[in-house]
Amino acid sequence: MNQGLQFDDTGRLRHLLTIEGLSRQTILEILDTAESFISVGQREIKKIPLLRGKTVVNLFFEFSTRTRTTFEIAAKRLSADVINLSVGTSSTAKGETLLDTIRNLEAMHTDLFVVRHGESGAAHMIARHVPPHVRIINAGDGRHAHPTQGLLDMFTIRRHKGDFGKLKVAIVGDILHSRVARSQIHALKALGVDELRVVAPKTLLPTAVEKLGVIPCSRMEDGLDGVDVVMMLRLQRERMQGAHIPSEHEYFNLFGLTPVKLALAAKDAIVLHPGPMNRGLEIDSAVADGPQSVILPQVTYGIAVRMAVMALIMGGSPGRREETHPVAASRARAVVTTRKRK
Ligand code: CP
C-alpha cells in the first residue's frame with residue numbers, strides 16, 4: 001500500500017492510515033500532543049475549541065465499542081460536530097458503494113472521516129478519492145492496520161515504563177490475523193525498542209515474520225522470560241478459515257496468560273490488551289483484573305491519543321509560527337490551565 005499517501009507535499013501528516021513509514025519524530029509528536037490533552041479529560045468542562053466548526057463522520061462497517069466511542073468523545077472534546085453513521089441502517093444495505101457513501105457525506109461538508117472496514121486497504125482507497133481538504137483516519141482495516149490502537153498502546157507503555165530503548169516487549173497471541181499486532185510492531189520498531197518478541201503457535205504466526213525485526217517464539221516460557229511489557233491479542237475467530245488451534249482448551253493451556261505464566265516476565269511487567277477480551281481463552285481474569293493490568297488505562301488514554309491525531313492532521317497549514325499554530329496554542333493553553341489548578 002502507498003504509505004506516501006498519508007503525507008502532504010511538505011511531509012506533514014495529512015491522513016493517518018498506517019504506522020508503517022511514520023518516523024520516530026512523528027510518533028513522538030503525536031504522543032507528546034496526547035500528553036498535553038490528558039488534562040482536558042480531568043477538567044469540569046472537558047472541552048477545547050480546536051476543531052470548532054469542523055464536521056467529523058464516524059463510519060464503522062465493523063463492530064466496535066472502544067474505538068468508535070473514544071473517537072466520538074475525542075472529537076467532541078475538541079468541539080467538532082460528530083455524526084455516527086449507523087452502517088446497518090444506512091443505504092449501504094440497499095447496495096450503495098463505499099465511495100458513493102463517502103461522496104454523499106462529503107457533499108454535506110464533512111472535514112474528517114474516521115473509517116473502520118473489514119477490507120484491508122479500504123481507508124487507503126478512500127484517501128485516494130477524497131479532495132485535498134478532507135482527512136481520513138483508519139480505525140482498523142481488515143488484517144492490515146489499526147494505527148490509533150498502536151499509538152495508544154505506545155502512549156500507555158511510555159507512561160508506565162518510560163524509555164523504549166530499555167524495554168523488552170512480547171506480543172502474544174493471534175499475530176496472523178491481527179491488524180493491532182502489525183501496528184504495534186511498526187510503532188515499537190520506529191521507537192527503538194530494545195527487544196521485540198512475537199509469541200504464538202506456528203499456525204498463528206505470519207510466514208517470515210522475523211523480517212519485521214521481531215523474534216518469533218512458539219513457547220510462552222521463551223517469549224515471556226524477563227520481558228517488561230506483555231501485549232496480549234484477541235484470538236480472532238471471525239477471521240479464521242480452518243483450524244488454526246487444536247482446541248480452545250489447549251490454546252488457553254499453552255498461550256493463555258495466567259498468573260503463573262506472567263511470573264516468567266519481569267516482576268514489574270505491565271499487561272496490555274486492546275479489547276475485547278476473551279476471558280479464559282487468551283487471558284485469565286486474575287491477570288486481566290490484576291495489579292499489573294493497564295487494560296482500562298489504555299482505553300482512557302485512547303481519548304487523548306485520538307484527540308492528538310485529529311488535532312494534528314487538521315492542524316492548519318505548515319510553516320505557521322509556533323504560537324499561532326492551533327495545536328501548539330492549544331497545548332500551551334492546556335499546560336497553563338493545569339499549572340493554574342495546582
Ligand atoms: N481495540 C478495539 O479496536 O476495540 P473495539 O473493536 O471495541 O473498537
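Predicted, not measured: the structure shown is a model, and the values here were computed from it.

S.K.: Would you take a moment to explain the overall build of the protein for this structure?
M.R.: Scanning the protein for helices and strands turns up twelve helices and nine strands. For a compact globule of 342 residues, the expected C-alpha radius of gyration is about 20 Å, and the protein comes in at 20 Å, within 12% of that figure. Each principal axis of the C-alpha atoms in the protein carries an extent, and together these give about 55 × 55 × 35 Å. Pairs at least 24 residues apart make up 75% of the contacts formed inside the protein by residues separated by at least 6 positions. Carbon and sulfur atoms make up 52% of the accessible area of the protein, which amounts to about 15,200 Å² in all. Side-chain charges in the protein split into 45 positive and 35 negative, and the spacing between the mean points of these groups amounts to 6 Å.

S.K.: Any chance you could explain the site of the ligand here in plain terms?
M.R.: The environment of the ligand is made up of F63, S64, T65, R66, T67, R116, H146, Q149, P274 and G275. Interatomic distance of 2.7 Å between a backbone N/O atom of T65 and an oxygen atom of the ligand. Contact distances for the ligand include 2.9 Å between an oxygen atom and a side-chain N or O atom of R66. When isolated, the ligand has an accessible area of 260 Å², and the protein chains bury 92% of it. Across the shell around the ligand, the residue classes tally to two nonpolar, six polar and two charged. Split by domain, the residues of the shell around the ligand number at least three in each of domain 1 (3-145 + 300-331) and domain 2 (147-297).

S.K.: It is not clear to me how the domain arrangement of the protein should be interpreted in this structure. Could you clarify?
M.R.: Frequently, the measure chosen for interface size is the accessible area removed from exposure when the parts meet. Segmentation of the protein into domains returns domain 1 (3-145 + 300-331) and domain 2 (147-297). Spacing between the C-alpha centres of domain 1 and domain 2 amounts to 26 Å. The interface of domain 1 with domain 2 comprises 35 residues on the first partner and 28 residues on the second. Between domain 1 and domain 2 the total buried area reaches about 2,700 Å² when both faces are included, carbon and sulfur atoms providing 60% of it. Counting the contacts that link domain 1 with domain 2 gives three salt bridges.

S.K.: Whenever I open this one, the sheet that holds strand β6 (residues 195-199) confuses me. Can you help?
M.R.: Strand pairing in a sheet relies on backbone hydrogen bonds, with the paired strands running either antiparallel or parallel. Strand order in the open sheet formed by five strands is β7-β6-β5-β8-β9, with parallel pairing between adjacent strands. Each end of this open sheet is capped by a strand with a single partner; those strands are β7 (215-217) and β9 (270-272). This sheet shows a mean twist of 20 degrees between the axes of neighbouring strands, independent of strand direction. By the bridge criterion, four bridges tie strand β5 (residues 168-172) to strand β8 (residues 229-232) in an arrangement that is parallel. When the bridges of β8 are listed, V169 appears paired with V229.

S.K.: Got a minute to help me understand helix α11 (residues 295-313) in this structure?
M.R.: One turn of an α-helix holds 3.6 residues; hence residues three or four places apart share an orientation. Here α11 spans 27 Å end to end across 19 residues, near enough to the 27 Å set by a 1.5 Å rise per residue. The sharpest bend along α11 reaches about 30 degrees and sits at Y301. When you tally the buried positions in α11, you get 15 out of 19 residues, the bulk of the element.

S.K.: Would you explain the pairing of strand β3 (residues 112-117) in this entry?
M.R.: Within β3, six of the six residues are buried, which leaves the element mostly enclosed by the surrounding structure. Bridge count between strand β1 (residues 55-60) and β3: five bridges; the pairing is parallel. The partner of F60 across the bridge, within β3, is R116. Of the pairings in the sheet, the one linking β3 to strand β4 (residues 135-141) comprises five bridges and is parallel in character. Following the sheet pairing, F113 is matched in β4 by I136. For the segment spanning β3, helix α4 (residues 122-129) and β4, crossover handedness is right-handed.

Calculation notes
Residues numbered from 1 in each chain as written. Predicted model: local features only at pLDDT ≥ 70, side-chain atom pairs only at ≥ 80, totals over all residues. Heavy atoms only, no water. Helix = DSSP H or I, 4+ residues; strand = E, 2+ residues; numbered from the N terminus. Rg over C-alpha atoms; globule rule 2.2 N^0.38 Å. Contact = heavy atoms within 4.5 Å. Areas by Shrake-Rupley, 256 points an atom, 1.4 Å probe, with all protein chains shown as cover. Lys, Arg positive; Asp, Glu negative; His and termini not counted. Charge placed at Lys NZ, Arg CZ, Asp CG, Glu CD. Near = heavy atom within 4 Å. Polar contact = N/O pair within 3.5 Å; in protein donor to acceptor, adjacent residues only side chain to side chain. Nonpolar A, V, L, I, M, F, W, Y, C, P; charged D, E, K, R; others polar. Domains from an automatic or database assignment. Buried area = accessible area lost by both parts, 1.4 Å probe. Salt bridge = Lys/Arg side-chain N within 4 Å of Asp/Glu carboxyl O. Pairing = 2+ DSSP bridges. Axes fitted to C-alpha atoms, helices over the stretch in contact; angles between N-to-C directions. Expected span 1.5 Å × (residues − 1). Bend = angle between axes of the 7 residues up to and from the residue. Buried < 20%, exposed > 50% of the residue type's maximum accessible area, 1.4 Å probe, protein only. Right-handed = clockwise from strand over helix to strand, strands pointing away.

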